[in-house]
Amino acid sequence: MSFLLRTLRRSASCQYHHSLRFASTKTPRPRQTPSSLPEIGPKPVSRNVKALSNRKQAIRLLMIVSASVAVGTLLNEWVTFDMKRRAAKVLNNKGINDTSTSPLNNLAEPEYANAADTAKAYAEITTVLGLENVSATVDDISNHADSAWMSHHAEAGQRPGMVVFPRSTEQVSQVLKICHKYKIPIVPFSGGTSLEGHFIQTRNGLTIDFKNMASILELHEDDLDIVVQPGLGWEKLNEYLKPHGLFFPPDPGPGAEIGGMIGTGCSGTNAARYGTMREWVLSVTVVLADGTIVKTRRRPRKSSAGYNLTSLVIGSEGTLGLATEATLKLAVLPQTSSVAVATFPTISKATDTVQQLVRQGIPVSAVELLDKEMMQCINQAGQTTRSWREEPTLFFKFGGTRSGVKEQIGQTRAIANKNGGNSFVFASNEAECSELWEARKEALWSSLALGADDDMTCWTTDVAVPVSRLSEIVTSTREDMDKSGIRGTIVGHVGDGNFHAFVLYNDHNKTVAEGVVHRLVERAIEMEGTCTGEHGVGMVKRPYLLSELGDETIDTMRRIKLALDPLRLLNPDKVISVDPTEVLHKLD
């Protein structure tokens, strides 16, 4: 303000003196002698005096106008500068706030709470939740820092400072308001079965575990939907629904909970017929980074009202907001179900069968591929009630009316035989269904058991490609594993082009395993596929997401992230990079 006043004074002074100099250059009129003046009447006003008076008034008017213009210009420049400064502060970038995207190199390094502010925040959170709902014990900190099955493990010191267990949406909101005030990073935890480093505490902040929010809130049988909390497991949900003749189709790994399933946009074996999590979530109640509570939409099966915020939240891995309630669509349990198992001489014969099933529109509920090495692994682990043919094997699940299921089995058998199937066995009752499907359920655990003998770790990864490229990528991956000398198996939800590789490794051949996984993901992207079909991006797949979608798409995602979480507090360093000082590396 003092600068503004000094400028105005200088401007007015300069214009005043310039006007006087201009006036002094005029040639004066000759002075009148006394004899020329009138002898009677009032003394007349000199024309020079009038002119001088008019000039002074003009000068004063000019000074006022000039000062007003100067003030307006300076105020306009100051307001523009202040708006840019405020916008840049909000967006945490270098002032580039008029573009549609946010390139990483335009961001400043994120700033988080110091030790003193962290202590204040934790004290306030403890007051809100109570001592019984917060923990900093060694076991709780360790259990929320890493897991044995993740493909990316926490580095030394990457641990939560405290773990909290809220009991309601309102408590989650209060916690996030405190974290926002003190700039505390937040990582959500719902089940902890994720595989790509989703809940690693890269910034040593607060972990929010939803185990105390695991209730079924409302069931609407006639509308085929249900309202649940994020800590509810999908298996428990289906146990509750079965007496009502209903079920929730997405079926990922055991132990997965609704919150994590929403976060990763998962699916499972039923995806071939029923689709992924995105098709089965009607609405979500989300707490944003500053504690704002948002419900993405209401309960109707269809709506064209506004932006689809529900789909925006699904797959965001807790980076845009924390889901505290979800309204899920339900399906009617089929009248009859059955399972069939077919073996083939080669992987390509098995995948050709899958392609033809899809192309002919046969509505199988699930189609799962286990390669020869996986079937050997299951036999060696001895965790099933029968011995299996050690050949590439397809597991089919059928559902519908009794006549419909019978027709599906007959059509599937015919296609399998046409492609050189060596055997085709189907279940005639529920017990046989469970027995035949048992091998598929035990696939991962059999791989883990096999690796345990040699102190190996199992790296579980997934990709998805167009179904027409499935045979090529599965065959190439199997050949790459064999050539690299890596022990690994392949399991696929091949009805929608998605498959998993279980790669066994130890400290001696970890780099070889990384190379196998790297080439698998690159191969999928080259085939117009995706770096992850259902596991999510987490930390491991971030550089591959960039390869898959390109800079502009990732920069758009980053702009959305900054709009909803400008301080970059929610699950930082997941899905996309938000720190320009971080260097991303692919596995090779």
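Residues numbered from 1 in each chain as written. Predicted model: local features only at pLDDT ≥ 70, side-chain atom pairs only at ≥ 80, totals over all residues. Heavy atoms only, no water.

Student: I would appreciate a short explanation of the pairing of strand S4 (residues 206-209) in the present structure.
Tutor: Successive side chains on a regular strand alternate, one facing one side of the sheet and the next facing the other. In S4, alternate side chains face the same way, and those of Leu206 and Ile208 on one face and Thr207 and Asp209 on the other are all buried. As judged from the three bridges shared by strand S2 (residues 162-164) and S4, these two strands associate in the parallel manner. From the neighbouring strand, Val164 faces S4, where its bridge partner is Ile208. Strand direction decides the pairing type here: strand S3 (residues 186-189) and S4, joined by four bridges, are parallel. By the bridge assignment for S4, Ile186 is matched with Leu206. (Buried < 20%, exposed > 50% of the residue type's maximum accessible area, 1.4 Å probe, protein only. Helix = DSSP H or I, 4+ residues; strand = E, 2+ residues; numbered from the N terminus. Pairing = 2+ DSSP bridges.)

Student: When you look at a nonpolar patch on the surface in this model, what are you seeing that I'm missing?
Tutor: Residues Tyr307, Leu309, Leu312 and Ile560 make up a contiguous nonpolar surface patch of about 400 Å² in total accessible area. Residue position: Leu309 is located in helix H9 (residues 309-313). (Patch = residues over 30% accessible without salt bridge, like charges linked within 9 Å, V, L, I, M, F, W, Y side chains within 5 Å. Areas by Shrake-Rupley, 256 points an atom, 1.4 Å probe, with all protein chains shown as cover. Salt bridge = Lys/Arg side-chain N within 4 Å of Asp/Glu carboxyl O.)

Student: When you look at the packing of helix H10 (residues 347-359) against helix H12 (residues 402-418) in this model, what are you seeing that I'm missing?
Tutor: In a packed pair of helices, the relevant descriptors are the angle between the two axes and the axis-to-axis distance. At their nearest, the axes of H10 and H12 sit 9 Å apart, and the two run at 140° to each other. As the angle between them shows, H10 and H12 are arranged oblique. The handedness of the crossing between H10 and H12 is right-handed. For the pair H10 and H12, contact is made by Thr353, Gln356 and Leu357 and by Thr412, Ile415, Ala416 and Lys418, respectively. Per-class residue counts for the contact of H10 with H12 are three nonpolar, three polar and one charged. (Axes fitted to C-alpha atoms, helices over the stretch in contact; angles between N-to-C directions. Parallel < 35°, antiparallel > 145°, perpendicular 65-115°, else oblique. Left-handed = near helix turned anticlockwise from the far one by under 90°. Contact = heavy atoms within 4.5 Å. Nonpolar A, V, L, I, M, F, W, Y, C, P; charged D, E, K, R; others polar.)

Student: So what exactly am I meant to see when it comes to the confidence of the model for the protein here?
Tutor: Note that predicted coordinates carrying low pLDDT should not be read in detail. Per-residue confidence for the protein gives a mean pLDDT of 87; residues scoring 70 or more make up 83%. In the predicted structure, residues 1-42 sits below a pLDDT of 50 and forms 15 contacts with residues beyond four places in sequence or in another chain. Note that residues 91-96 has pLDDT below 50 and, in this model, 19 contacts with residues that lie over four places away or in other chains. (pLDDT = per-residue confidence, 0-100.)

Student: Explanation requested: the nonpolar core in the structure shown.
Tutor: Across soluble globular proteins, nonpolar side chains have a tendency to be buried as a group. Counting residues in hydrophobic clusters, the biggest one holds 45 residues, and the most contacted among them are Leu394, Phe396, Ile473, Val474, Phe499 and Val503. The element that contributes the greatest number of residues to this core is helix H16 (residues 510-526), accounting for seven residues. Of all hydrophobic cores here, the second largest spans 28 residues; its members include Phe247, Cys266, Met277 and Trp280. (Core = buried A, V, L, I, M, F, W, Y, C linked by side-chain atoms within 4.5 Å.)

Student: For this particular structure, what's the right way to read the sheet that holds strand S9 (residues 293-295)?
Tutor: Hydrogen bonds between backbone atoms are what pair the strands of a sheet, whose relative direction is either parallel or antiparallel. Read from one edge to the other, the open sheet built from five strands follows the order S5-S6-S10-S8-S9, with strand pairing classed as antiparallel. With partners counted over all chains shown, the strands left at the sheet margins are strand S5 (216-220) and S9, one partner each. Within this sheet the neighbouring strands show an average axis-to-axis angle of 10°, counted without direction. Taken together, the six bridges between strand S8 (residues 281-287) and strand S10 (residues 322-329) define a ladder with antiparallel strand orientation. Counterpart to Thr285 in the pairing with S10 is Glu325.

Student: Help me out: how do you make sense of the environment of Pro543 in this one?
Tutor: Within the secondary structure layout, Pro543 lies in helix H17 (residues 542-549). Remark: the alpha-carbon pair of Pro543 and Leu587, spanning 44 residues in sequence, is separated by 9.2 Å. If near-sequence neighbours (up to four positions away) are discounted, Pro543 is found in contact with Leu584, His585 and Lys586.

Student: Would you mind showing me how to read the packing of aromatic side chains here?
Tutor: Describing an aromatic ring pair means giving the distance of the ring centres and the angle of the ring planes. Scanning all chains against the criterion turns up eight aromatic pairs. With centroids separated by 4.9 Å and ring planes inclined at 75°, the aromatic side chains of Phe189 and Phe199 adopt a geometry described as edge-to-face. Within this pair, whereas Phe189 is found in strand S3, its partner Phe199 is found in the loop between S3 and S4, the two being separated by 10 residues in sequence. One exposure class covers both Phe189 and Phe199, and it is buried. Plain terms: the ring middles of Phe396 and Phe424 are 6.3 Å apart, the flat faces sit at 35° to each other, and that makes the pair tilted. Of this pair, Phe396 sits in strand S14 (residues 393-400) while Phe424 sits in strand S15 (residues 423-426), and the two are 28 residues apart along the sequence. Classification of Phe396 as buried rests on a relative accessible area of 0%. Residue Phe424 is classed as buried on the basis of its relative accessible area, which comes to 12%. Put simply, the rings of Phe247, Tyr274 and Trp280 pair up and form one aromatic cluster. Between Lys211 and the ring centre of Phe165, over which it is positioned, the NZ or CZ distance is 4.8 Å. (Phe/Tyr/Trp six-rings, centres within 6.5 Å; stacked < 30°, edge-to-face > 60°. Lys NZ or Arg CZ within 6 Å of the ring centre and 35° of its normal.)

Student: Even after reading the chapter, I still don't get the packing of H10 against helix H15 (residues 470-484), so can you show me in this structure?
Tutor: Where H10 meets H15, the axes come as close as 9 Å, and the angle between the chain directions of the two elements is 155°. For the element pair H10 / H15, the angle class is roughly antiparallel. The way H10 lies across H15 gives a crossing that is right-handed. Each of Ile347, Ser348, Thr351, Asp352, Val354 and Gln355 in H10 lies in contact with H15, whose residues at this interface are Leu470, Ser471, Val474, Thr475 and Arg478.

Student: Hey, could you run me through helix H18 (residues 551-564) in this one?
Tutor: Counting along an α-helix, one turn takes 3.6 residues, and residues three or four places apart therefore face a common direction. With 14 residues, H18 extends 20 Å from end C-alpha to end C-alpha; this agrees with the ideal 20 Å at 1.5 Å per step. Turning to H18, its buried residues number three or more, namely Ile554, Asp555, Arg558, Arg559, Lys561 and Leu562. All buried residues of H18 fall inside an arc of 160° around its axis, so they share one side. Of the residues in H18, the exposed ones pointing more than 90 degrees away from the buried face are Glu552 and Ala563. (Expected span 1.5 Å × (residues − 1). Arc of directions from axis to C-beta.)

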